[in-house]
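Below are the chains, spelled out letter by letter.
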Amino acid sequence: MSNMGFSSFYEGGDGVIVCYVAPKSDYKKEDFFDTCVKESDGYHELGEVKEGYCRWYPNAPEGIDLDGGCYSFCKEGKGAFPVWYVDIE
């Protein structure tokens, strides 16, 4: 179980959204995509819904310029939870 809700993931520090992500436990696939469409409000072209894993990192992984912790993609394993995600094209 995760505390992460529907989220936007960004590339680097430039503030450009690269994907929408949410725990699979919170959404059915179709509902997640509908939420992505509403969130993008016609400003972003969306890819297909995919499955992956995320986890909370108390210290941001190398290459992520944030102070403190963050959620990020990872492989299945300790602390990981399944997510839906949609790339923004």
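Note that the structure is a prediction, hence the values are computed from the model and not measured. (Residues numbered from 1 in each chain as written. Predicted model: local features only at pLDDT ≥ 70, side-chain atom pairs only at ≥ 80, totals over all residues. Heavy atoms only, no water.)

Caption draft 1: Expanded view of the packing of aromatic side chains. Taken as a whole and judged by the stated rule, the model has eight aromatic pairs. Its end group placed over the ring of Trp84, Lys24 keeps NZ or CZ at 4.6 Å from the ring centre. Positioned above the aromatic ring of Tyr57 is the side chain of Arg55, whose terminal nitrogen or guanidinium carbon lies 4.2 Å from the ring centre. (Phe/Tyr/Trp six-rings, centres within 6.5 Å; stacked < 30°, edge-to-face > 60°. Lys NZ or Arg CZ within 6 Å of the ring centre and 35° of its normal.)

Caption draft 2: Quick look at the pairing of strand E3 (residues 46–57). Relative to strand E5 (residues 81–88), E3 is paired through seven bridges, and the arrangement is antiparallel. Note on E5: the bridge partner recorded for Val49 is Val86. One ladder, built from five bridges, connects E3 with strand E4 (residues 70–74); its direction is antiparallel. Its bridge partner being in E4, Tyr53 is matched across the sheet by Cys74. (Pairing = 2+ DSSP bridges. Helix = DSSP H or I, 4+ residues; strand = E, 2+ residues; numbered from the N terminus.)

Caption draft 3: Highlighting the pattern of salt bridges. This model, assessed by the stated rule, comprises two salt bridges. Where Glu51 meets Lys24, a salt bridge forms, and the shortest distance between an N and an O atom there is 2.5 Å. Here Glu51 is found in strand E3, whereas its partner Lys24 is found in the loop between strand E2 (16–23) and helix H1 (29–40), with 27 residues between them in sequence. You can call Lys24 partly exposed: its relative accessible area is 26%. Of the charged contacts in the structure, one is a salt bridge between Asp87 and Lys50, with a shortest N-O distance of 3.2 Å. With Asp87 in strand E5 and Lys50 in strand E3, this pair connects stretches of sequence that are 37 residues apart. Classification of Lys50 by relative accessible area gives partly exposed; the value is 36%. (Salt bridge = Lys/Arg side-chain N within 4 Å of Asp/Glu carboxyl O. Buried < 20%, exposed > 50% of the residue type's maximum accessible area, 1.4 Å probe, protein only.)

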